[in-house]
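# Observations on the model geometry
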Amino acid sequence: MKIFASPQRLFVNGASVWAPRMPGWEKARAILSGREAPPEAAAARPAPQLLPPNERRRAPDSVAVALESALAACHGAQLEPSSLGCVFGSTHGDLAITDYMCTTLAATPLQVSPTRFHNSVHNAAAGYWTIGAQCTRPYTAISAGPHTFGAGLLETCAQALSSAENILFVAYDIDARGPLAAVAPSRGLLSVALIVGPQAGPHVLGSFDIGLVAQEDFEPSRAQPANAALVAGNASASGLPFMEALALGGEHRVQCLAGPGLGLVIDLHPPV
Amino acid sequence: MQPTCITAYTATCAAGAGREALLGALRAGRGGLRANDFGREPLATWIGRVTGVEDTPLPASLSNYLSRNNRLAWLGVQQDGFHEAVLAARARYGAERVALVLGTSTACIGATEEAYSRLTPAGEFPEDLRHREVHTPNSTAEFMQRVLGLRNLAVTVGTACSSSAKAFAQGARLLELGIADAVVVGGVDSLCGSVLFGFNSLELISREPCRPFDVARNGINIGEAAAFALLERAGDGPRLAGFGESSDAHHMSAPHPAGRGARIAMTEALARAGLAAQDVGYVNLHGTATPRNDEIEAQVVAEMFPAATHASSTKGWTGHTLGAAGALEAVITLLSLESGLMPGTLNSRQFDAACGPQIRLAGASGMAVHAMSNSFGFGGSNCVLLFSARDAT
C-alpha cells in the first residue's frame, strides 16, 4: 500500500563514503561504478580535519568516521558546514564506548571516565560536528535499528521539504566489541553522507523522487556483490545500494527499508 | 506552522502514574524523589524512581524485549486510556498511517549492563539476556511498534536530554508532509548504572533533593519516566503550536555561556507559532539544578520574557528524566494549560541572583493560553515546544 510520495523532486547536492577500502567519495565513486578496483590495503582510520588537531586521534571511531564523510560531502558540494541542518543516523551508536561503559560499570563503577560518558550519547558525532563546524542549525540523531539508513533518509527528505533548505545526512556504524558483539553485530568502519535539498546546487550529483510503501514482502535492492563485500557486516551497509546507483549515474530505482515491512522507493535520475 | 492537535497524552514518573496522580502531586507540592535505593552499591544521591517498574510484566509474545525501559514504556502506555486512544487512531487511519517517534537517552542499556555483570565463564552474555531485541538503541521504539501494532515509521531520537522534545518536532513534520495521519510521540528513560555513575563522573549529581535555580543548587537527581502524546492534524485537544530546534555549537557537556542555542530555540518556537513572548503564560524550564544550566537559562528567560510570565522547573518533583524529560515536561505543560495550575519550583528556597521575576518558587492558579517547555541536551542539542489551549484562537 502506498503511504507517501514526495510532492516534489529532491536533489543530491553532495555525497561521500568512507570505509577502509573506499576512503572518500572520488575513490568510492570509481570503485562503486566499477571503473576502479578497490585498494588492496585498508586505509587508516580517518582523522577528521574539522576537529582541533589534539582531538583528531582521540575522537571515538564513530565520531571520526561520521565527520570524515560529512566534511567530504560539504567540500564536494561547496557548502559551508555551518549552513546545514543535519540528520545523523546510527544503528548502534559507538559500540566500543558501550563495551567500555558496561565493562567499567560491572567492575569499578566509580571509575567511569567523564569524557567517555559524554561521548557515549547517541548524538556524540552530531555534537562534535556542530561544535567543529560552528553550526547552530538543528541536528537530530536517530536509530531505527537495521532500517536506520532508510528512516534517516526519509527524515532528511522531510526536513529538506519542510525547511526548503539543504540538509546533511550521515549514516555510520563501527565495529562491535567485547561480549556485546554477539547480540549487536557490526563489522568495520563505514559512513555515508548525502546532502539533500529542494534545489540543484552547483555540484549536483543526481535528483530523485521518493515514495513510501507498506509491503510485507518488500525487497530491498542489493549492491553488486563485489561492492557489498567491501562493507559486509556493517550495520549501516544498507546505505550502499543508493550510493552505488549515485556513483553509476543515470536512471535507477533503489529500494531500501525504512522499517519492518516499510519500504522506501527512490527513483534516481540524472541531475537535470 | 499548521497547529498539530494533541488528542491524547499521558505520563508516568516518580511523582505519579498517570495525569491525575501527577497533577495531584504538582498541586500538593508532593515530590516523588527518594534516597537512592537503585542498584547494588547505590551512590549517595536522590532519585526519581517509578514504583513497581520491575514487577510490570510484558505481553508474553514480547518477552525478548524484557528490560526496565520496556517495562516502564508498557506501564506508561496503560495510563489514561492512552493505549486505547492509539488503537482507535489505528482503526481510524490504518496501521500503516500511524507513526511512532520515541526519544530516549538510556534505551535498554540497563539490560546490557546487567549482562556484563553476569557474563558466563566463557565471557558471553547469560542466556536470559542473549536477545538482540534489547541491546540496541531502537529497542523501545521497536517494542512499542509491536505492542501497538503500527506499521509506519518507528524511530528513536537520541539527542540526550532533548530527545523526546525533538520527537514532537519530528512527529509534527511527518503530519505536515502527509507521511502519517497520526503519530505517537514520547520519551522513555529508565534508571541504570550508565546515567547514575556517568553523571557522577562529571560531578553533576546532587547528594540532596535537587533544588533548581536555588543559590545553593549543586546538581541533578536522575529520574525515570515514560510520557506519550498522540498527534493528529485535527481533533479535540490542546495543540502543538510551534517548536524550535538549535545547536549550541559550543561543548559536549556544558551549555553555551551566553545561552546562544537556547535563545535561538525559544525564538524559533515563538516565530513558528506566530506568537510573541508576552503571549506565553507559563514556561516549564529545563531547570536541572546544575550550576551552569540554571544560571544561563535564567538569564535568557529574564531577557526574553516580561515579568508577568510564570516560569518554573518541575524537576524537584520528578528528577531529571533525561531522554524522557522533553515528553514528561510537555505533559506537565499540557496539564498546566488544561487545569489552570502553574507549578512552582519544589525544594528550592532562595533563588540565584541570575533569576528574574519570571521564575517562581510558589505555584499559582491561572489559565495560560499558550505555554512553553524547554529541553536542552548534551552535545548542545536544544528543543523548545510551544503549546496552546484547546480553545485558543
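Remember, predicted model here, so these are calculated numbers, not experimental data.

Turning next to the overall build of chain A. A count of helical and extended segments in chain A gives nine helices and 10 strands. In terms of C-alpha radius of gyration, chain A reaches 18 Å, essentially the compact-globule figure of 19 Å for 272 residues. Counting only residues that meet the buried cut, chain A has 61% of its 272 residues in that class. Look at the contacts in chain A between residues 6 or more apart in sequence, and 73% of them connect residues 24 or more apart.

Right, let's get into the overall build of chain B. When its secondary structure is counted, chain B shows 11 helices and 16 strands. Whereas a compact globule of 393 residues would reach a radius of gyration of roughly 21 Å, chain B reaches 19 Å, a difference of no more than 12%. Overall size of chain B, expressed as C-alpha extent along the three principal axes, is 60 × 50 × 40 Å.

All names here are of chain B. Among the residues of helix H1 (residues 19-28), Arg-19, Leu-22, Leu-23, Ala-25 and Leu-26 are the ones counted as buried. Axial view of H1: buried residues confined to an arc of 160°, hence all on one face. In H1, the exposed positions that point more than 90 degrees away from the buried face belong to Glu-20 and Ala-28. On its buried face, H1 sits against strand S1 (4-13), strand S2 (16-17), helix H10 (315-318), helix H11 (325-339) and strand S13 (341-342).

Moving on: the interface of chain B and chain A. Listed as interface residues are 58 residues of chain B and, on the opposing side, 57 residues of chain A. Those elements that provide at least two residues to the side of chain B that touches chain A are helix H4 (109-117), strand S6 (154-157), helix H6 (163-177), helix H7 (193-201), strand S10 (239-247) and helix H8 (260-273) of chain B.

Looking now at the packing of H6 of chain B against H11 of chain B. Residue and element names in this part refer to chain B. Direction vectors running N to C along H6 and H11 enclose 70°, while the axes themselves pass 5 Å from each other. Taken together, H6 and H11 sit at an angle that is classed as roughly perpendicular. Across from Ser-163, Ser-164, Ala-165, Lys-166, Ala-167 and Phe-168 in H6, the residues of H11 making contact are Ala-325, Gly-326, Ala-327 and Ala-330.

Our focus in this paragraph is the environment of Ala-258 of chain B. Position of Ala-258 of chain B relative to the elements: it lies in the loop between S10 and H8. Along the chain, Ala-258 of chain B and Thr-321 of chain B lie 63 residues apart, while their C-alpha atoms are 25 Å from each other.

Here we take up the sheet that holds strand S4 (residues 46-48) of chain B. All names here are of chain B. Taken in spatial order, the three strands make up an open sheet running S3-S4-S8, and their pairing is mixed. Both edges of this open sheet fall to strand S3 (34-35) and strand S8 (222-223), since each of them pairs with a single strand only. Summarising the sheet, S3 and S4 pair through two bridges and their orientation is antiparallel. By the bridge assignment, Arg-34 is partnered in S4 with Ile-47.

Right, let's get into the nonpolar core. Membership of the largest hydrophobic core comes to 236 residues, with the highest contact counts inside it found for Leu-67 of chain A together with Leu-385 of chain B. A per-element tally of this core places helix H3 (residues 61-77) of chain A first, with 11 residues.

Residue and element names in this part refer to chain A. Bridging between strand S8 (residues 206-214) and strand S10 (residues 262-269) involves eight bridges; their strand directions are antiparallel. Bridge pairing links Ile-210 to Ile-266 in S10. Here seven bridges tie strand S9 (residues 252-259) to S10, and the two strands are oriented antiparallel to one another. From the neighbouring strand, Val-254 faces S10, where its bridge partner is Ile-266. Here S9 folds back onto S10 in antiparallel fashion, the turn holding two residues, of which Gly-261 has a positive phi close to 70°.

Once that is clear, we can look at the packing of helix H7 (residues 148-163) of chain A against H6 of chain B. Between H7 of chain A and H6 of chain B, the shortest axis-to-axis distance is 10 Å and the interhelical angle comes to 70°. In this view, H7 of chain A runs roughly perpendicular relative to H6 of chain B, as classed from their interaxial angle. On the side of H7 of chain A, the interface is formed by Glu-155, Ala-158, Gln-159, Leu-161 and Ser-162 of chain A, while H6 of chain B contributes Gln-170, Arg-173, Leu-174, Glu-176 and Leu-177 of chain B. When grouped by side-chain class, the residues that make up the contact of H7 of chain A with H6 of chain B number four nonpolar, three polar and three charged.

All names here are of chain B. In this structure, Ala-107 takes a positive phi of about 45° despite not being glycine. Its location among the elements puts Ala-107 in the loop between strand S5 (98-103) and H4. With phi around 55°, Glu-203 is a residue other than glycine that occupies positive phi space. Tracing the backbone shows Glu-203 in the loop between H7 and S8.

Time to look at helix H6 (residues 124-133) of chain A. The element H6 of chain A is extensively covered by neighbouring structure, given that 10 of its 10 residues are classed as buried. All of the buried residues along H6 of chain A are Ala-124, Ala-125, Ala-126, Gly-127, Tyr-128, Trp-129, Thr-130, Ile-131, Gly-132 and Ala-133 of chain A. Next to the buried residues of H6 of chain A lie H3, strand S4 (85-89), helix H5 (114-119), strand S5 (139-143) and strand S6 (167-173) of chain A together with S10 of chain B. Positive backbone phi, approximately 55°, marks Gln-134 of chain A, located one or two places after H6 of chain A.

Looking now at the environment of Ala-43 of chain A. Residues and elements named next belong to chain A. Relative to the elements of secondary structure, Ala-43 occurs in the loop between helix H1 (25-32) and helix H2 (53-56). Since 15 C-beta atoms lie within 10 Å of it, Ala-43 is described here as partly exposed. Between the alpha carbons of Ala-43 and Met-22 there is a distance of 8.2 Å; along the sequence they are 21 residues apart.

For the rest of this paragraph, the subject is the pairing of S8 of chain A. One face of the sheet, then the other: side chains in a regular strand alternate in exactly this way. All names here are of chain A. Pairing between strand S1 (residues 2-5) and S8: three bridges, direction antiparallel. The residue bridging Lys-2 from the neighbouring strand is Val-213, located in S8. Relative to S8, strand S2 (residues 10-19) runs antiparallel, the two being bridged by three bridges. Within the sheet, the bridge partner assigned to Phe-11 lies in S8 and is Ser-207.

With that out of the way, let us pick up the confidence of the model for chain B. Residue and element names in this part refer to chain B. Across chain B, the average pLDDT comes to 97, with 100% of residues at 70 or higher. Here H6 is the element of chain B with the lowest mean pLDDT, 97, and strand S9 (residues 225-232) is the one with the highest, 99. Interface confidence for the predicted complex, expressed as ipTM, amounts to 0.98; the pTM equals 0.98.

Next up on the list: the environment of Asn-138 of chain B. With respect to the helices, strands and loops of the structure, Asn-138 of chain B is situated in the loop between H4 and helix H5 (139-148). C-beta crowding within 10 Å serves as the criterion here: with 28 such atoms nearby, Asn-138 of chain B is assigned to the buried category. Separated by 63 residues in sequence, Asn-138 of chain B and Leu-75 of chain B place their C-alpha atoms 18 Å apart. Contact partners of Asn-138 of chain B, with chain neighbours within four places excluded, come to Ser-143, Ala-144 and Gly-145 of chain A together with Thr-156 of chain B.

Rules of the game
- Numbering of residues begins from 1 in every chain and follows the order in which that chain's sequence is written.
- Following the order in which they are written, the chains are lettered starting with A and the ligands numbered starting with 1.
- Reporting in this predicted model follows two pLDDT cut-offs: at least 70 for local features of residues, and 80 or more for side-chain atom pairs to be given and counted; totals over whole chains, interfaces and linings ignore these cut-offs and use all residues.
- Labels follow the DSSP assignment, with helices taken as runs of H or I lasting at least four residues and strands as runs of E lasting at least two, numbered in each case from the N terminus.
- Radius of gyration means the value over C-alpha atoms here, while the globule rule gives 2.2 Å times the residue count to the 0.38 power.
- Neighbour density around each residue's C-beta defines its exposure: 20 or more other C-beta atoms within 10 Å make it buried, 12 or fewer make it exposed, and counts between make it partly exposed, where C-beta atoms are placed from the backbone.
- We call two residues in contact when their backbone-placed C-beta atoms lie within 7 Å.
- Think of it as the arc spanned by the lines of direction from the helix axis to the C-beta atoms.
- Here, axes are lines fitted to C-alpha atoms. For helices the fit covers the stretch in contact, and angles between N-to-C directions go from 0 to 180 degrees.
- Convention used here: angles under 35 degrees read as roughly parallel, angles over 145 as roughly antiparallel, angles from 65 to 115 as roughly perpendicular, and any remaining angle as oblique.
- Here, strands pair whenever DSSP counts at least two bridges between them.
- Each nonpolar core comprises buried Ala, Val, Leu, Ile, Met, Phe, Trp, Tyr and Cys residues, the members being joined through C-beta atoms within 7 Å.
- Under the scheme applied, nonpolar residues are Ala, Val, Leu, Ile, Met, Phe, Trp, Tyr, Cys and Pro; charged residues are Asp, Glu, Lys and Arg; polar residues are all the others, including Gly.
- Confidence of the predictor in every single residue is expressed as pLDDT, which spans 0 to 100.

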